[in-house]
Amino acid sequence: MPRLAQPAGSEDAQEPVAILGNLVKAGIVRTLRENPDVTIRSICQALELGPTTVQPYLAELEASRIVIADPPMSESRKGVWVRYRVNNEAVTDLYLRLGLAIGEF
């Protein structure tokens, strides 16, 4: 079975690419930057995707602290509308780390 190819010097890019290296995740971040404090329903409508597609990616982004949920994952959400927004500081940090890894900065 082939190993995952990892070029020399790419260590700093691994986490940013893993976190944002997916079109659905990038779409969620874009949607939340344009429309902060919305529910999953609004995100799904904007992306024209179903909640069963969006939810796992949204959970990954929340776990990596790119997206902030109110109430957070650690609290009970049963019967509560969860509102999401982007953690702009975390996105900027990822952007800068990726830029350094590809020689942009």
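The structure this text deals with has already been given above.
Residues numbered from 1 in each chain as written. Predicted model: local features only at pLDDT ≥ 70, side-chain atom pairs only at ≥ 80, totals over all residues. Heavy atoms only, no water.

(A) The pairing of strand S1 (residues 67-70), seen in detail. Side chains Val67 and Ala69 project from S1 onto a buried face, and the interleaved Ile68 and Asp70 project onto a face without burial. Across four bridges, S1 lies against strand S2 (residues 83-86) in antiparallel orientation. Bridge assignment links Asp70 to a residue of S2, and that residue is Arg83. (Buried < 20%, exposed > 50% of the residue type's maximum accessible area, 1.4 Å probe, protein only. Helix = DSSP H or I, 4+ residues; strand = E, 2+ residues; numbered from the N terminus. Pairing = 2+ DSSP bridges.)

(B) Spotlight on unusual backbone geometry. With omega at 5°, the peptide bond leading from Asp70 into Pro71 counts as cis. On the secondary structure map, Pro71 appears in the loop between S1 and S2. In the Ramachandran plot, Asp37 falls in the positive-phi region, its phi being about 60° despite a non-glycine side chain. Position of Asp37 among the secondary structure elements: in the loop between helix H2 (23-34) and helix H3 (40-47). A positive phi angle, close to 70°, is found at Arg65, a residue other than glycine. For Arg65, the location among the structural elements is in the loop between helix H4 (51-63) and S1. A relative accessible area of 63% means that Arg65 is categorised as exposed.

(C) Broad picture of the packing of H3 against H4. Closest axis-to-axis distance for the H3/H4 pair is 10 Å, and the angle between their directions is 115°. By the angle class used here, H3 and H4 are roughly perpendicular. Of the two elements, H3 crosses H4, and the hand of that crossing is right-handed. Seen from H3, the contacting residues are Ile40, Ile43, Cys44 and Leu47; seen from H4, they are Pro51, Val54, Gln55 and Leu58. Considered class by class, the residues forming the contact of H3 with H4 number seven nonpolar, one polar and no charged. (Axes fitted to C-alpha atoms, helices over the stretch in contact; angles between N-to-C directions. Parallel < 35°, antiparallel > 145°, perpendicular 65-115°, else oblique. Left-handed = near helix turned anticlockwise from the far one by under 90°. Contact = heavy atoms within 4.5 Å. Nonpolar A, V, L, I, M, F, W, Y, C, P; charged D, E, K, R; others polar.)

(D) Molecular detail of the environment of Leu47. Positionally, Leu47 belongs in helix H3. When residues no more than four places from it in sequence are discounted, the contact partners of Leu47 are Val24, Gly27, Ile28, Arg30, Thr31 and Val54.

(E) Examining the environment of Asp93 more closely. Looking at the secondary structure, you find Asp93 in helix H5 (residues 88-101). In the structure, Asp93 is positioned 27 residues away from Ile66 in sequence and 9.9 Å away in space, judged by C-alpha atoms.

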